[in-house]
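Coordinate inspection notes
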Amino acid sequence: MPAETVNRQWLLARRPRGQVRVEDFVRRDASLPQADLAAGEILVRNLMLGFDPAQRGWMDDAPSYLPPIAIGEPVRGSAAGRVIASANPAYPEGSMVRGLFGWQDYSVAARAGDPDPVAIPDGTALEEALGIFGAASLTAYVGIYDIGQLRAGDCVLVSGAAGAVGSVAVQISRLAGARVIGIAGGAEKCRWLVEDYGADAAIDYRNEDVRARLKALAPDGIDLFFDNVGGTTLEAGIAHIARFGRIVLCGAISGYNDLQGVPGPSNLTRLIPQRAGMRGFILLDHLDRVPAAMAALRQWVGSGQIRYRTDIQHGFDAIPKTFLRLFSGSNRGKQLLRIDGV
Ligand SMILES: NC(=O)c1ccc[n+]([C@@H]2O[C@H](COP(=O)([O-])OP(=O)(O)OC[C@H]3O[C@@H](n4cnc5c(N)ncnc54)[C@H](OP(=O)(O)O)[C@@H]3O)[C@@H](O)[C@H]2O)c1
């Protein structure tokens, strides 16, 4: 057990009303869990946090694929850290792990009913474990291959394309021989899309007419649309879907902070004459695909065929405002934070 007795935590203070704010969170210095670990459990010293737009949904009191975060509880979120006490031979003391350990210094993990923590292999940096080898890349892999049924020669559209999930979706589609159009906010991210991630074209949704650009760039329509954004972006993709096209609903970030909820696309019936399909998915249902996805990612990253960015902020006190970066587009790649003092 560590000498420290304080476990700093960021709790959900109240349910965000629309736009999430730093005031929705409150810091508490709790005492460190001192009781003996039950068989199978581990105590983790969190060293780095990873941020995901889905955390915003978990803050609402609404049915979803995970229960809402309770008011007064540490915010649920990805973290990576060192096992400092273990009652589980699969995670020996001193080994590194990642999991949904939350916004706190220390977490008891691998409790009965919890998802298994993921062991981080020697030689993999924490920013890689939470970044390019983390859930975002696995989501892109499952979404493009298994849900989207990517075929060589497809014209693929990816929204949120310069982010953690989107940039991998773009690159693995290109590697499989697709033509790829990415949508992102601003000239800088659009430049990364073409110059670094190999997209054939990029659309700056903040400064360009997405529908007009899609018409020009994909006159025969989009075969596979991997959507991270929802709202008017989804509507634009539906308007340009090709015959027998596939739309993969990965996320809908444009509506996560919308108090009223974003109205559904007004043009859904366009799917009928186009004989097109649309399907949502959640990575957690596809964990059997993780070994194949991880092997492929390691090979692509090792050979330089996939590039990535990580945006590392610093300091325990900066946790809430770092989370907010996702919703202003301030994050430059996978949003991470290194906890100070460790
Ligand atoms: N289905 C699953 O299992 C699963 C798993 C993981 C993630 N996801 C989803 O995948 C999506 C991407 O997640 P990520 O971790 O890769 O985040 P990310 O793309 O690295 O960061 C979020 C980005 O979303 C864009 N954005 C923010 N507000 C927006 C708005 N109002 N309209 C349009 N774009 C906006 C910003 O990029 P710009 O600067 O380009 O606007 C921002 O940088 C999210 O929707 C997330 O919920 C789904």
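Residues numbered from 1 in each chain as written. Predicted model: local features only at pLDDT ≥ 70, side-chain atom pairs only at ≥ 80, totals over all residues. Heavy atoms only, no water.

**What about helix α7 (residues 231-239)?**
Each full turn of the α-helix corresponds to 3.6 residues, which orients residues three or four apart in the same direction. Put simply, the rule reads: With a 1.4 Å probe rolled over the protein chains alone, any residue whose accessible area is under 20% of its type maximum counts as buried; one over 50% counts as exposed, and the rest are partly exposed. Counting from the N terminus, the helices are the DSSP runs of H or I reaching at least four residues and the strands are the DSSP runs of E reaching at least two. Two residues qualify as a contact provided that any one of their heavy atoms is within 4.5 Å of a heavy atom in the partner residue.
With seven of nine residues buried, α7 is to be regarded as a mostly interior element. Buried positions along α7 lie against β8 (155-159), β9 (179-184), α6 (210-217), β11 (222-227), β12 (241-249) and β13 (277-280).

**Let's talk about the environment of T124**
Along the chain, T124 falls in the loop between β7 (118-120) and α2 (126-130). For T124, a relative accessible area of 12% translates into the label buried. Distance in space between the C-alpha atoms of T124 and P33 is 28 Å, their sequence separation being 91 residues. Apart from residues lying up to four places away in sequence, T124 is in contact with A129, F133 and R298.

**Topic: the sheet that holds β8**
Defined as follows: Two strands qualify as a pair provided that DSSP identifies no fewer than 2 bridges between them. Helix axes use the C-alpha atoms of the stretch in contact, all axes being lines fitted to C-alpha atoms, and the angles between their N-to-C directions lie in the range 0 to 180 degrees.
The six strands lie next to each other as β10-β9-β8-β11-β12-β13, forming an open sheet whose pairing is parallel. Among the strands making up the open sheet, the edge pair consists of β10 (201-204) and β13. Going from strand to strand, the sheet's axes swing by 15° on average, the running direction of each strand aside.

**What to know about the packing of aromatic side chains**
What counts, and what does not: Pairing of aromatic rings covers Phe, Tyr and Trp, the last through its six-membered ring, and needs centres within 6.5 Å; plane angles under 30 degrees mean stacked, over 60 mean edge-to-face, and all others mean tilted.
Across all of its chains, the model carries eight aromatic pairs by this definition. Judged by centre distance (6.4 Å) and plane angle (70°), the ring pair of W58 and Y65 falls under edge-to-face. On the basis of relative accessible area, W58 is assigned to the buried category, the value being 7%. Seen from their ring centres, W103 and F323 are 5.7 Å apart, and the 65° between their planes marks the pair as edge-to-face. Highlighted residues: W103 in the loop between β5 (96-99) and β6 (106-109) and F323 in helix α9 (residues 319-328), separated in sequence by 220 residues. F323 matches W103 in its accessibility class, with the two residues each being buried.

**Remarks on the site of the ligand**
Short version of the rule: One heavy atom suffices: a residue is near a molecule or strand as soon as one of its heavy atoms comes within 4 Å of it. For this analysis, a polar contact is any N or O atom pair within 3.5 Å, provided that within protein one partner can donate a hydrogen and the other can accept it, and provided that sequence-adjacent residues contribute only side-chain to side-chain pairs. A 1.4 Å probe and the Shrake-Rupley method give the accessible areas. Residues count as covered only by the protein chains that appear here.
Around the ligand, 27 residues are found, and the nearest of them are V165, K189, Y205, L283 and N331. G185 is positioned with one of its backbone polar atoms (N or O) 2.8 Å from an oxygen atom of the ligand. N331 places a side-chain nitrogen or oxygen 2.5 Å from an oxygen atom of the ligand. In isolation the ligand exposes 920 Å². Once the protein is present, 91% of that is buried.

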